[in-house]
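Chain and residue survey
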Amino acid sequence: MNPILVSVVIPTYNPGPYLGPGLASLFAQTLAADQFEIIVVDDGSTDGTPERVEALAATHSNLVVIRSEHSGWAGRPRNLGIERARGEFIQFMDQDDRMAPDALQRLTETARRNGSDIVLGKVASDFRGVALDLYRRDRDSCTIHDAPLISSLTPHKMFRTAFLNEHGLRFPEGRRRLEDQLFVVKAYFAARVISIRADEPLYFYMKRDDDGNAGSDPSWDPAGYYANLREVLDVVVANTDRGPQRDRLMRRFCRAQLVGRLAGGMFLTWTPDFRATVFANIRDVIVDYVDRDVDASLGAIVALRMRLIREDRLADLVTLAERTSELVGLSRVESLRWAGGRLDAAISTEIRHRDGTPFLFGRVGGRTTLDPTLSQDLVGVSIDVTDEMAAVRVSSLVRERTSGVEWQASTKVRPDWVPVDADGRESGRSRLVLHGSCQVDPNDAAGGGPLAPGDWLWQTRLAAFGLKLDRGLGADTDADGMVVMPRPRSIEPNLSAQPTLSPGSGLTILVTAVTAPPAHGSIHRRPGTSRRRMRATLGRLGRRTFARLPPAVQRRSIAAIRLLRRRIR
């Protein structure tokens, strides 16, 4: 009997039908069934979940069910799973998620090859944001000090079991918030080697029809939440000195859970009393944990929010949130063509108000300031952003509509200042228009391999002054504009990519399967050379040449060889 390589720990509480797809994804793993175990720890479900899983366990020898009294949160079930685990590694999974068929095999191979304490697999979601920047490339070995790990604090990762036991790493128990962040931040600081698999999505957050995804409870107590956040920040403070390293980590919490909560969206829908309660808790945490040096590094508009928070000016903060929530990142496509196998879109983008009026900048004496209507009545001056202009960025990605899988695309833009006159007189005001191009190669956009069949939305993000404005690429292109759509382009293996442009939503790339290779795709033999010999030679080439390449590139290369073998006539 093989030793257990990995234990998958799944806490459950009344998951209904949503546990089934996750278990099915584990039963379909390429890792041999006798090399991993599935530990379902039920936290007192009342919907018959334990009985259903125990019935499955009768036909799946690697499925284990643990029943526990209801504790109210995922911490205790996960801890029971850790204690029961026999695997060399532990992978945490939520009851409404699923994993790619080769996920366990690839994650354990990575962990063993690199001696990893923690392995992160690329994540995809059809309903929530993921830390895409973290998965730009594979990393065999990194730490919290030299990689942007702080952007991913969910527990859905693989951990070496001995590492967890050596450092006594366990989840806080009981009904509380951020128990996963406390666990993961402690683990990050303790880990010697952390690895990242970024070349294909391995873990999927799947949206439930009843909006009951784990961790999505909309009711929350600000005082308890921010008391729990303080515990997480205490770990950061205990493991860093004051200065750039601590500031870098604190920026993540500022954007995600502190000043970011007061920027618009839900903040503007809260009742005045609840808004005041959240504001007071956030202000106290910022004063206690965030050095003032962090404020400016968040971008000019976020720094203004930080100033209003520190000065206890809730009413002015609401006014600023109302104004910034009206800003959008306009996106137009000027032309679209295939160039060297890539889909190349010439674009322009700029910040505008939601009503279509341009967002203006002051340009006087070599200095650049934001539109005075944004801040002058709040702090008496227009905000100077001269030193931030070089940091203005436009990025783009393609996102599959159904699965939520995302991949970065190439984007380059240059600034173009367009003066705006007042009644025919020079006003010193200008629009900032960013011109450039976005490119996607459907043959290698997916971590070095071709885009999978699906409907890929092409999206942009304009990041400037602390704002992040997302928009469909080309969503604001005129309906009667003269943008000519290129014809479909064949990609390998046996796929076709067709771009379309819809005003209001933007560019999409429809990737579909091609049932037969094109007629001109035949390969003709040299006289005297047998078809069998040519095919055998190509087969040896695939096995011998590509064995050491990254898996995604290896799969693409071998698929191309197989296609060539089929086309020999």
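**Some details on the confidence of the model for the protein chain**
- Predicted confidence across the protein chain gives a mean pLDDT of 89, with 86% of residues reaching 70 or more.
- Across residues 517-527, where pLDDT falls below 50, the model places 16 contacts with residues more than four positions away in sequence or in other chains.

**What about the nonpolar core?**
- By size, the foremost hydrophobic cluster in this structure holds 149 residues, and its most contacted members are Leu149, Leu258, Trp458 and Phe465.
- Here Leu258 is in contact with Tyr226, Leu229, Phe253, Ile282, Val285, Ile286 and Val290, once residues within four sequence places are set aside.

**Concerning the packing of aromatic side chains**
- Using the criterion set out here, one finds 16 aromatic pairs in the structure.
- The rings of Trp220, Tyr225, Tyr226, Phe267, Trp270 and Phe274 are connected pair by pair, giving a single aromatic cluster.
- The ring of Phe204 is capped by Arg98, whose NZ or CZ atom sits 4.2 Å from the centre of that ring.
- A cation sits over an aromatic face here: Lys122 above Trp407, 4.4 Å from the ring centre.

**Digging into the sheet that holds strand E5 (residues 97-99)**
- Within the open sheet, the 3 strands sit side by side as E5-E11-E7. Their pairing is mixed. Both outer strands of the open sheet, E5 and strand E7 (123-125), are each paired with one neighbouring strand and no more. Sheet twist, expressed as the mean angle between neighbouring strand axes with direction ignored, is 20°.
- The sheet contact formed by E5 and strand E11 (residues 203-205) spans 3 bridges and is antiparallel. When the bridges of E11 are listed, Asp97 appears paired with Tyr205.

**Overview of helix H12 (residues 314-324)**
- All buried positions along H12 are accounted for by Leu314, Leu317, Val318, Leu320, Ala321 and Thr324. Looking straight down H12, one finds that the buried residues subtend no more than 165° of arc, so they occupy a single side.
- Lining the buried residues of H12 we find helix H9 (272-289), helix H11 (300-310), strand E12 (327-339), helix H13 (376-379) and strand E20 (467-472).

**Brief notes about helix H7 (residues 222-238)**
- The terminal C-alpha atoms of H7, which comprises 17 residues, lie 24 Å apart, in line with the 24 Å expected from a rise of 1.5 Å per residue.
- Within H7, the full set of buried residues consists of Pro222, Tyr225, Tyr226, Asn228, Leu229, Val232, Leu233, Val235 and Val236. All buried residues of H7 fall inside an arc of 155° around its axis, so they share one side.
- For H7, the secondary structure elements touched by its buried residues are helix H6 (179-190), helix H8 (244-257) and H9.

**A few points about the sheet that holds strand E4 (residues 89-92)**
- Pairing is mixed in the open sheet, where 8 strands are placed in the order E3-E2-E1-E4-E9-E6-E10-E8. What marks the edges here is a single partner per strand, and that holds for strand E3 (63-68) and strand E8 (139-142). Going from strand to strand, the sheet's axes swing by 20° on average, the running direction of each strand aside.
- Those strands touched by helix H4 (residues 103-114) are strand E1 (6-12), strand E2 (36-43), E4, strand E6 (118-121), E8, strand E9 (158-160) and strand E10 (194-197), and its axis lies near 145° from that of E10.

**Some thoughts on the side chain of Thr240**
- Relative to the assigned elements, Thr240 resides in the loop between H7 and H8.
- There is a polar contact of 2.7 Å between the side chain of Thr240 and the backbone oxygen of Val236.
- Once residues within four sequence positions are removed from consideration, Thr240 is found in contact with Phe189, Gln245, Arg246 and Leu249.

**Comments concerning the environment of Val398**
- Along the polypeptide, Val398 turns up in strand E16 (residues 393-400).
- When the C-alpha atoms of Val398 and Leu507 are compared, they prove to be 9.6 Å apart, with 109 residues separating the residues in sequence.

**Quick word on unusual backbone geometry**
- For Leu178, which is not a glycine, the phi torsion comes out positive at approximately 65°.
- On the secondary structure map, Leu178 appears in the loop between helix H5 (161-166) and H6.
- Notably, Asp312 is not glycine yet its phi reads approximately 60°, a positive angle.
- For Asp312, the location among the structural elements is in the loop between H11 and H12.

**Some details on the environment of Asp97**
- Relative to the elements of secondary structure, Asp97 occurs in strand E5.
- Sequence-wise, Asp97 and Pro21 are 76 residues apart; in three dimensions their C-alpha atoms are separated by 7.7 Å.
- Within polar-contact distance, the side chain of Asp97 engages the side chain of Tyr203 at 2.7 Å.

**Section: the packing of H6 against H7**
- Look at H6 against H7: their axes get within 9 Å of each other, and the N-to-C directions meet at 10°. By the angle between their axes, H6 is roughly parallel relative to H7. Across the interface between the two elements, Gln181, Leu182, Val185, Lys186 and Phe189 from H6 touch Glu231, Val232, Val235 and Val236 from H7.
- Tallied by class, residues from the contact of H6 with H7 come to 6 nonpolar, 1 polar and 2 charged.

**A look at the pattern of salt bridges**
- A full pass over the atoms with the stated rule returns 34 salt bridges.
- In this structure, Glu51 and Arg67 form a salt bridge, with 3.3 Å as the shortest nitrogen-oxygen distance. Highlighted residues: Glu51 in helix H2 (residues 49-57) and Arg67 in strand E3, separated in sequence by 16 residues.
- Here Arg67 falls in the partly exposed class, since its relative accessible area comes to 48%.
- Close ionic contact of Glu179 with Arg78 constitutes a salt bridge, the shortest N to O distance being 3.4 Å. Of this pair, Glu179 sits in helix H6 while Arg78 is found in helix H3 (residues 75-84), placing the two residues 101 residues apart along the sequence.
- A residue is classified by how much of its surface remains accessible, and Glu179, at 5% relative accessible area, is buried.
- Several salt bridges share partner residues, and in doing so they unite Arg106, Arg197, Asp199 and Glu200 into one network.

Conventions and cut-offs
- Residues numbered from 1 in each chain as written.
- Predicted model: local features only at pLDDT ≥ 70, side-chain atom pairs only at ≥ 80, totals over all residues.
- Heavy atoms only, no water.
- pLDDT = per-residue confidence, 0-100.
- Contact = heavy atoms within 4.5 Å.
- Core = buried A, V, L, I, M, F, W, Y, C linked by side-chain atoms within 4.5 Å.
- Buried < 20%, exposed > 50% of the residue type's maximum accessible area, 1.4 Å probe, protein only.
- Phe/Tyr/Trp six-rings, centres within 6.5 Å; stacked < 30°, edge-to-face > 60°.
- Lys NZ or Arg CZ within 6 Å of the ring centre and 35° of its normal.
- Pairing = 2+ DSSP bridges.
- Helix = DSSP H or I, 4+ residues; strand = E, 2+ residues; numbered from the N terminus.
- Axes fitted to C-alpha atoms, helices over the stretch in contact; angles between N-to-C directions.
- Arc of directions from axis to C-beta.
- Expected span 1.5 Å × (residues − 1).
- Polar contact = N/O pair within 3.5 Å; in protein donor to acceptor, adjacent residues only side chain to side chain.
- Parallel < 35°, antiparallel > 145°, perpendicular 65-115°, else oblique.
- Nonpolar A, V, L, I, M, F, W, Y, C, P; charged D, E, K, R; others polar.
- Salt bridge = Lys/Arg side-chain N within 4 Å of Asp/Glu carboxyl O.

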